[in-house]
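Commentary on secondary and tertiary structure
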Amino acid sequence: AFGLRVVAVKLQNALLYHPRPITGDPYYEKVVSQTSKQLQRRGYKIEELTYSLRNEKQKALLVKPEQAKAAPLWVVFGGNAMVSADWLPFCESILSLKDSNVADPSFLLLDYPGYGDNGGEPSPSSALEASQEALDILLRKLKDVPPSSVNLFGHSLGAAAASQLAVARSKADFQPGKLVLSSPFLSIDAMAAVLFGNLVPRWLLRSLVTHRWSNAEMLPTAAAAGWEVSIIHPKMDEIVPVQHGEELCGSIQAQGKSCRLTKPEGCGHNDVVFASLRNYAKFLGLSRL
């Protein structure tokens, strides 16, 4: 049984996590350089936020206005094959849709431990600890001009990372903000059931999966604590069935809380972020259209 669990954990991690570096990668060096110039034309800059986790160096990217003002802060989590630099074109594009009367937001783009330039290994616990540390350090850095609100946004695996951070911050003296989830799954064992169909019993999947990343458990708790939840889930998502987003939204509404759900058509799991950019701008509170 122990041998089976070891094999299962290794298989789980190989399937679940696909980290890649940023520094030294010609593609990402070009993305950072080009997007930095585009953001400068909008009065924005990119800064690096450094911190540590269990004696391992960590780094996040902060996209912020040149002029410090009290405005919303968005903490952003990517999918299992994304790094922080992947979000830079998104930030530039979504700012182009911002209504002129809306305050200029900042974006804290996080990499999981083991991703980008970060040391360590990815897991729900290490990701939560790292995101807590990064946010705490940033809030201390911004103490003279604190953000008007702290909001969370995650895509795919990042939706679960955002949900668990929302729950963790709810236990502290913290004002909940917006929680926007893109293509969220119910849990990793639920995704394994989708992958394997009825070939493996659900109870066995649940016992073998150690990194559960369960939105089904965390999201209702976050909503009950006051987080304003919105879900964007492509109708034809080929990786995470849209029923997962529908069930999550229903679980929030069942406890008398509000949850917005939109199901874009003509796009899938990996292109919804740009294909449905106006929906994201709306749910992030940047545009009324």
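We now turn to the structure provided with this report. (Residues numbered from 1 in each chain as written. Predicted model: local features only at pLDDT ≥ 70, side-chain atom pairs only at ≥ 80, totals over all residues. Heavy atoms only, no water.)

1. Considerations on the overall build of the protein chain
Condition: A run of DSSP states H or I qualifies as a helix once it reaches four residues; a run of E qualifies as a strand once it reaches two. Both are numbered from the N-terminal end. C-alpha atoms define the radius of gyration in this analysis, and the globule rule sets the expected value at 2.2 Å times the number of residues to the power 0.38. Throughout, exposure labels follow a simple rule: accessible area from a 1.4 Å probe, protein chains only, divided by the maximum for the residue type, with under 20% read as buried, over 50% as exposed, and the rest as partly exposed.
Looking only at helices and strands, the protein chain features eleven helices and eight strands. Whereas a compact globule of 289 residues would reach a radius of gyration of roughly 19 Å, the protein chain reaches 18 Å, a difference of no more than 12%. Counting only C-alpha atoms, the protein chain reaches 55 × 45 × 40 Å along its principal axes. Relative to its 289 residues, the protein chain shows a buried fraction of 52%.

2. Looking at the layout of surface pockets
Keep this limit in mind: Cavity means a closed set of points on a 1 Å grid over the protein atoms alone, one where a 1.4 Å probe fits but cannot get out, pocket means an open set with protein on both sides within 12 Å along at least 5 of 7 lines, and lining means a residue has an atom within 4 Å of a point. Grid points are joined across faces, edges and corners, and a volume is the space filled by probe spheres set on the points. In this classification, the charged set is Asp, Glu, Lys and Arg, the nonpolar set is Ala, Val, Leu, Ile, Met, Phe, Trp, Tyr, Cys and Pro, and all remaining amino acids, among them Gly, are polar.
Of the voids in this model, the second largest pocket is the one considered here, and its volume is about 200 Å³. For the lining of the second largest pocket, the elements supplying multiple residues, two or more each, are β2 (56-65) and β3 (72-77). Class assignment of the residues belonging to the lining of the second largest pocket gives a composition of nine nonpolar, two polar and six charged.

3. As for empty space enclosed by the protein
One pass over the structure, following the stated rule, counts one cavity of 30 Å³ or more. Taken as a whole, the largest cavity holds about 30 Å³ of empty space. Looking at the largest cavity, the residues that line it are Y51, F77, L110, D111, Y112, A127, A130 and S131. In terms of residue count, the dominant contributor to the lining of the largest cavity is helix α4 (residues 124-141) (three residues). Here the residues of the lining of the largest cavity sort into six nonpolar, one polar and one charged.

4. Some words on the packing of aromatic side chains
So the rule is basically this: Planes of paired rings set the category: under 30 degrees apart is stacked, over 60 is edge-to-face and the rest tilted, where pairs are Phe, Tyr or Trp rings (Trp by its six-membered ring) whose centres lie within 6.5 Å.
Evaluation of the coordinates by the stated rule reveals ten aromatic pairs. Ring geometry for W87 against F153: centres 5.3 Å apart, planes inclined by 65°, an arrangement best described as edge-to-face. Highlighted residues: W87 in the loop between β3 and α3 (88-95) and F153 in strand β5 (residues 149-155), separated in sequence by 66 residues. Put simply, the rings of W87, F90, F153, F274 and Y280 pair up and form one aromatic cluster.

5. Focus on unusual backbone geometry
With a phi angle near 70°, N55 is a residue other than glycine that sits in the positive phi range. Relative to the elements of secondary structure, N55 occurs in the loop between β1 (44-53) and β2. Phi at W213 is positive, roughly 45°, even though this residue is not glycine. Along the chain, W213 falls in the loop between α7 (202-208) and α8 (215-224). On the accessibility criterion, W213 (4% relative accessible area) is buried.

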